[in-house]
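Listed below are the residues making up each chain.
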Amino acid sequence: MVKNNFITSLLLLLGSIFFISPSVLALEPFKVTYNIYKGPLKVGAISRDLRIKGGGQYTFTSRMESKGFAKFLSGSLLLETSKGAITEGKIIPHTYLRETDKPDKNYELNFDRKSNFVKRVDSEEGYEEILKEDTFDKLSYQAQMMMDLSSIVKEDLKYDIASQKKIVTYNVTFIKEKKISTPLGKFKTLVVNRKDPHSSKETTVYCAEDLNWLPVRIEHTDKKGRSMAAKIASYN
């Protein structure tokens, strides 16, 4: 009887480990570039670089340059830098810097973990809010999503984002699995979507399993219904 109870308890424990707790993928450094298209026309490019040092300290940078039609949507240049640490499957940002050719869109954030506050530090009128349990910046949450998609349970995701003026919530919905063709070959992807509930603005992302859930295609529609797509061009 005691032996049977022990076996039952062991099976329940194993079940809780393998079927309830998500299996989170370890994030690895990468460099990736995308070309931005409006229909068949190339209108810009994105390059991203994730570097991870010993102890899990990371620097994640993104550079977007656009021209023509895309320039009117987001300006001709957008630089983002997120720095922080990766601990137990979680991105913990310490600082975030956003630089564009539109001065009113530039800002810098400091995540003070000791005082449990996130603060905009580039402006005297910048906000300060209490950090929620998991609060990300606009770049670091995308790396966190790559790890979260490695979970064996495909479910909707939610992220608290420290933006330019306040902390907002991004709701990411799992849409479907789909195989797509890219310049790097065919990939099995998970398709996820984030939609602004107050406008037509939305983003659909195709994340490739073979590339540790890195996005290989990003489709974006702005508030006025104008659409563009970023397609992977290189990866290493």
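Everything here concerns the structure above.
Everything numeric in this text was worked out from a predicted model, so none of it was measured. (Residues numbered from 1 in each chain as written. Predicted model: local features only at pLDDT ≥ 70, side-chain atom pairs only at ≥ 80, totals over all residues. Heavy atoms only, no water.)

Structural notes on the environment of Val 32
Our working rule: Secondary structure is summarised from DSSP: a helix means a run of H or I of at least four residues, a strand means a run of E of at least two, and numbering begins at the N terminus for each. Burial classes follow relative accessibility: with a 1.4 Å probe on protein chains only, a residue under 20% of its type's maximum area counts as buried, one over 50% as exposed, and anything between as partly exposed.
Relative to the assigned elements, Val 32 resides in strand S1 (residues 30–38). By relative accessible area, which is 1% here, Val 32 ends up buried. Expressed as a C-alpha distance, the spacing of Val 32 and Asp 49, which sit 17 residues apart in the sequence, is 6.6 Å.

A look at unusual backbone geometry
Positive phi values are uncommon outside glycine, yet Glu 88 reaches one of about 50°. As for its placement among the helices and strands, Glu 88 is situated in the loop between strand S4 (77–87) and strand S5 (90–100). Its identity is not glycine, yet Asn 212 carries a phi of approximately 60°, on the positive side. Within the secondary structure, Asn 212 is located in the loop between strand S13 (202–208) and strand S14 (214–221).

Quick word on the nonpolar core
Here is the rule we go by: Here, nonpolar core means buried Ala, Val, Leu, Ile, Met, Phe, Trp, Tyr and Cys residues that are tied together by side-chain atoms lying within 4.5 Å of each other. For this analysis, residues touch if any pair of their heavy atoms sits within 4.5 Å.
Core analysis: the biggest nonpolar cluster contains 53 residues, and Leu 27, Ile 91, Met 145, Leu 149, Tyr 159, Leu 214 and Val 216 have the highest contact counts within it. For this core, the element with the most residues is helix H3 (residues 140–148), which contributes five residues. Not counting residues up to four positions away in its chain, the partners in contact with Tyr 159 are Phe 136, Tyr 141, Gln 144, Met 145, Asp 148, Val 168, Thr 169, Tyr 170 and Val 172.

Some words on the packing of aromatic side chains
Rules: Each aromatic pair joins two rings of Phe, Tyr and Trp (for Trp, the six-membered one) with centres within 6.5 Å, and gets the label stacked for planes under 30 degrees apart, edge-to-face for over 60, and tilted for any other angle.
Within this structure, the stated rule accounts for five aromatic pairs. Taking the centre distance of 5.8 Å and the plane angle of 75° together, the rings of Phe 136 and Tyr 159 count as edge-to-face. Taken together, the positions of Phe 136 in strand S9 (residues 135–136) and Tyr 159 in strand S10 (residues 157–162) put the pair 23 residues apart, joining distant regions of the chain. Accessibility assignment for this pair places Phe 136 and Tyr 159 in one class, buried. Measuring from centroid to centroid gives 5.5 Å for Tyr 141 and Tyr 159, while their planes differ by 55°, and the two rings are tilted.

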